[in-house]
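Each chain, written out:
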Amino acid sequence: MVDGAFERFQNDRYFRQLILPGVGEDGQRRLGQAKVLVIGTGGLGSPILYYLAAAGVGTIGIVDNDHVDITNLQRQILHWEKDLSRLKTESAREKLQAFNSTLRYLSHATRLTEENAEALISEYDLVIAAVDNREARRTINKACYRLGIPWIDGGIREYIGSVTVFLPPKGPCYECIYRTPALRPKGPIPLLGALPGAIGSIEAIEGIKLILSIGIPITGRVLVYDAWTGRFDEFVPSQDPNCPICGIKVKGS
Amino acid sequence: MKEVTLKIFASLLHWAKEPEVRIPIEGPTALRNLVEHLGIPEDEVAVVIRNGKQVKLDTEVTPGDIVSLFPVIDGG
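Residues numbered from 1 in each chain as written. Chains lettered and ligands numbered in written order. Predicted model: local features only at pLDDT ≥ 70, side-chain atom pairs only at ≥ 80, totals over all residues.

Undergrad: Give me the overall build of chain A: which residues, what numbers.
TA: For chain A, the helix and strand inventory stands at 10 helices and 8 strands. A compact globule built from 253 residues should have a C-alpha radius of gyration of about 18 Å, and chain A, at 18 Å, falls within 12% of that. Taking all 253 residues of chain A together, the buried fraction comes to 44%. Nonlocal contacts in chain A, meaning residues at least 24 apart in sequence, comprise 68% of its contacts between residues at least 6 apart. (Helix = DSSP H or I, 4+ residues; strand = E, 2+ residues; numbered from the N terminus. Rg over C-alpha atoms; globule rule 2.2 N^0.38 Å. Buried ≥ 20, exposed ≤ 12 C-beta atoms within 10 Å, placed from the backbone. Contact = placed C-beta atoms within 7 Å.)

Shown next as structure tokens:
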């Protein structure tokens, strides 16, 4: 592009949020400088990644070690028929690159583990979880509280979904909310395809709010969306003073 | 009539059948007994909310309380 053309292109591209109170040029710069790690590129990860890229989040990390399967297409809108059997990180990166080519996408085709979590997460300012199991969330929670990095959780099942924002060292943390040894679902979780669209979009919104330091984050409360009844609700999670992750710090504060 | 309202979500409906159940109670009652009465296995219940705040299953409920029962919401 000729001199000044790229700037004009960027100003036009983000025009509707540049005129938004709370964003503006300063906010757009902050978005451009932000580094966000999205863990999981499935049902939740798809809208999260699309909306972060649309908003102009400068560096977006993508974690997944899975391959695209035919049963994913009902809800994982980053992946298309032509992507079957491809690595999800590759499929995601290709779409995002075509969608907003001005950003940096870093693929991590690996499974998040207790061993690699801290090294991976420490390269970023914010983590948005889009994972499909409780163990991965516990791993993210532990690493984020150790590193003092905020993280956003979303979960879905059948017709309900939930979102909450964790701001270490403040509790309650994920471990506080899910201390009970409730059974893991047996087999694949039944899901309405558009539900992760709603929940992932809320996670992306919360991420953008945190980057911009605007609004009121969903922290210290859990937002629940029941698609069956079409109702939003929220509850205040209990804080466990003996929580191994956030309990000691809470006592000390 | 004195009663407690139980709201049941997602997979827990496989046992409870109705998303909202009103159970008459005279006074403070163990929540665990009400969950058992509905036939919901207690290890399927991940989060219990009473009047907007998270509580444990071994809590007592009183007439007028609204209690929500959630399974693990861990899909992605």
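Now that the structure has been shown, the text picks up again.
Undergrad: Got a sec to walk through the overall build of chain B? Specific residues and values, please.
TA: A tally of helices and strands in chain B yields 2 helices and 7 strands. For chain B, the α and β elements follow one another from N to C terminus as β-α-β-β-α-β-β-β-β. Relative to the 2.2 N^0.38 estimate, which gives 11 Å for 76 residues, the radius of gyration of chain B is 12 Å and therefore close to what a compact globule would have. Along the three orthogonal principal directions, the C-alpha set of chain B runs to about 40 × 25 × 15 Å.

Undergrad: Any details on the nonpolar core? Residues and values, ideally.
TA: Residues V36, V38, I39, L49 and V127 of chain A together with L69 of chain B are the most contacted members of the largest nonpolar core, which totals 85 residues. Those residues within four positions of I39 of chain A in sequence are excluded, and the remaining contacts are V63, L112, V127, A129, A130, V131 and I140 of chain A. (Core = buried A, V, L, I, M, F, W, Y, C linked by C-beta atoms within 7 Å.)

Undergrad: Tell me what's going on with the pairing of strand β7 (residues 66-70) of chain B, and back it up with residues and numbers.
TA: Residues and elements named next belong to chain B. With 4 of 5 residues buried, β7 lies mostly within the body of the structure. Examined bridge by bridge, strand β4 (residues 47-50) and β7 share 4 bridges and lie antiparallel to one another. Bridge assignment links V48 to a residue of β7, and that residue is L69. (Pairing = 2+ DSSP bridges.)

Undergrad: Can you break down the confidence of the model for chain B residue by residue, with the values?
TA: Residues shown with low pLDDT carry predicted positions that ought not to be read at fine detail. The pLDDT averaged across chain B works out to 94; a share of 100% of its residues lies at or above 70. Of the two predicted TM-score estimates for the complex, the pTM is 0.94 and the ipTM is 0.89. (pLDDT = per-residue confidence, 0-100.)

Undergrad: Let's hear about the environment of I73 of chain B: which residues, and what values?
TA: With respect to the helices, strands and loops of the structure, I73 of chain B is situated in the segment after β7. A sequence separation of 34 residues divides I73 of chain B from G39 of chain B, and the C-alpha atoms of the two residues are 20 Å apart. When near neighbours in sequence (up to four residues on either side) are disregarded, I73 of chain B contacts G155, I156, R157, I160, G161 and S162 of chain A.

Undergrad: Report on the environment of Y124 of chain A, specifying residues and quantitative values.
TA: All names here are of chain A. With respect to the helices, strands and loops of the structure, Y124 is situated in the loop between α6 (117-121) and β4 (126-129). Distance in space between the C-alpha atoms of Y124 and D83 is 28 Å, their sequence separation being 41 residues. The contacts of Y124, once residues within four sequence positions are left out, are K35, V36, L37, G61 and I149.

Undergrad: Provide a residue-level description of the sheet that holds strand β2 (residues 20-24) of chain B, including the pertinent values.
TA: All names here are of chain B. The strand order across the open sheet built from 5 strands is β2-β1-β7-β4-β5, with neighbouring strands paired in mixed fashion. Each edge of the sheet is formed by a strand with only one pairing partner; in this case those strands are β2 and β5 (53-55). When the angles between neighbouring strand axes are averaged without regard to direction, this sheet yields 30°. Pairing of strand β1 (residues 3-8) with β2 involves 5 bridges; the strand directions are antiparallel. (Axes fitted to C-alpha atoms, helices over the stretch in contact; angles between N-to-C directions.)

Undergrad: Break down the sheet that holds strand β3 (residues 104-108) of chain A for me, citing the residues and quoting the values.
TA: Residue and element names in this part refer to chain A. Reading across from one edge, β3-β2-β1-β4-β5-β6-β7-β8 is the order of the 8 strands in this open sheet, with mixed pairing throughout. In this open sheet, the two strands that pair with only one neighbour each are β3 and β8 (231-235). Along the sheet, successive strands turn relative to each other by an average axial angle of 15°, direction set aside. Direction of pairing for strand β7 (residues 222-226) relative to β8: antiparallel, over a ladder of 5 bridges. Looking across to β8, one finds that Y225 is bridged to F232.

Undergrad: Kindly report on helix α4 (residues 45-55) of chain A, identifying the contributing residues and their values.
TA: All names here are of chain A. Burial within α4 is extensive, with 9 of its 11 residues counted as buried. G45, S46, P47, I48, L49, Y50, L52, A53 and A55 are the residues of α4 that are buried. At the C-terminal side of α4, G56 shows a positive phi close to 90°.

Undergrad: Tell me about the packing of α4 of chain A against helix α9 (residues 195-212) of chain A, residues and numbers included.
TA: All names here are of chain A. Where α4 meets α9, the closest approach of the two axes is 7 Å, and the angle between their N-to-C directions is 40°. Our classification of the angle between α4 and α9 gives oblique. The handedness of the crossing between α4 and α9 is right-handed. Residue-level inspection shows G45, S46, P47, I48, Y51, L52 and A55 of α4 in contact with α9, the latter providing P196, G197, G200, S201, E203, A204, G207 and I208. Class assignment for the residues of the contact of α4 with α9 results in 8 nonpolar, 6 polar and 1 charged. (Parallel < 35°, antiparallel > 145°, perpendicular 65-115°, else oblique. Left-handed = near helix turned anticlockwise from the far one by under 90°. Nonpolar A, V, L, I, M, F, W, Y, C, P; charged D, E, K, R; others polar.)

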